[in-house]
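Summary of structural features
Listed below are the residues making up each chain.
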Amino acid sequence: QVQLVESGGGLVQAGGSLRLSCAVSARTLSGYAMGWFRQAPGKEREFVAAIRWIDDSPWYGDSMKGRLTIARDNAKNTVYLHMYRLKPEDTAVYYCAAGLLGDHGLGLDREYTYWGQGTQVTVSS
């Protein structure tokens, strides 16, 4: 069983930055991939980034590529999503997810087993 709790969302002006956190509770995270997805009103859930717990290898979606960094802190069992140069179109609920999956599934929300409750990010123009 894996439990995920996101935090760090809020209101930010366009061009600003935010750091989202995902606190992870699990017996072991070896083999797990941690992903971030987002969903804007009226739109499908979209892949943002993922990281493999075992080796820190990051994967980025196209929507925010070049404007974010995903990282994990082993000691704190936390995954971070640093977002930069935010745009109004980045407004969405951001979700953290975890799953045992291969590289081919990192960008697919159906491949993840565990989900957090989400954190709202609002970017004003």
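Everything below is about the structure printed above this text.
Residues numbered from 1 in each chain as written. Predicted model: local features only at pLDDT ≥ 70, side-chain atom pairs only at ≥ 80, totals over all residues. Heavy atoms only, no water.

1. Some thoughts on the pattern of salt bridges
Under the criterion given, the structure shown has seven salt bridges. A salt bridge links Arg38 to Asp90; the shortest N-O distance between them is 2.9 Å. Taken together, the positions of Arg38 in strand 4 (residues 33-39) and Asp90 in the loop between strand 8 (78-83) and strand 9 (92-99) put the pair 52 residues apart, joining distant regions of the chain. Relative accessible area serves as the criterion here: at 1%, Asp90 is assigned to the buried category. (Salt bridge = Lys/Arg side-chain N within 4 Å of Asp/Glu carboxyl O. Helix = DSSP H or I, 4+ residues; strand = E, 2+ residues; numbered from the N terminus. Buried < 20%, exposed > 50% of the residue type's maximum accessible area, 1.4 Å probe, protein only.)

2. Re the nonpolar core
Core analysis: the biggest nonpolar cluster contains 30 residues, and Leu4, Met34, Trp36, Leu81, Met83 and Tyr94 have the highest contact counts within it. For this core, the secondary structure elements donating two or more residues are strand 1 (2-7), strand 3 (18-26), strand 4, strand 5 (46-52), strand 7 (68-73), strand 8, strand 9 and strand 11 (119-124). Within the second largest apolar cluster, eight residues are counted, among which are Ala33, Phe47, Ala50 and Ala97. (Core = buried A, V, L, I, M, F, W, Y, C linked by side-chain atoms within 4.5 Å.)

3. What about the state of the cysteines?
All told, the structure shown has one disulfide when counted by the stated rule. The side chain of Cys22 participates in a disulfide bridge whose partner is Cys96; the two sulfur atoms lie 2.1 Å from each other. Because the sign of the S-S torsion sets the handedness, a value of about -80° for the bond joining Cys22 and Cys96 places this disulfide among the left-handed ones. With Cys22 in strand 3 and Cys96 in strand 9, the pair connects residues that are 74 residues apart, well separated along the chain. A relative accessible area of 0% means that Cys22 is categorised as buried. (Disulfide = S-S within 2.5 Å.)

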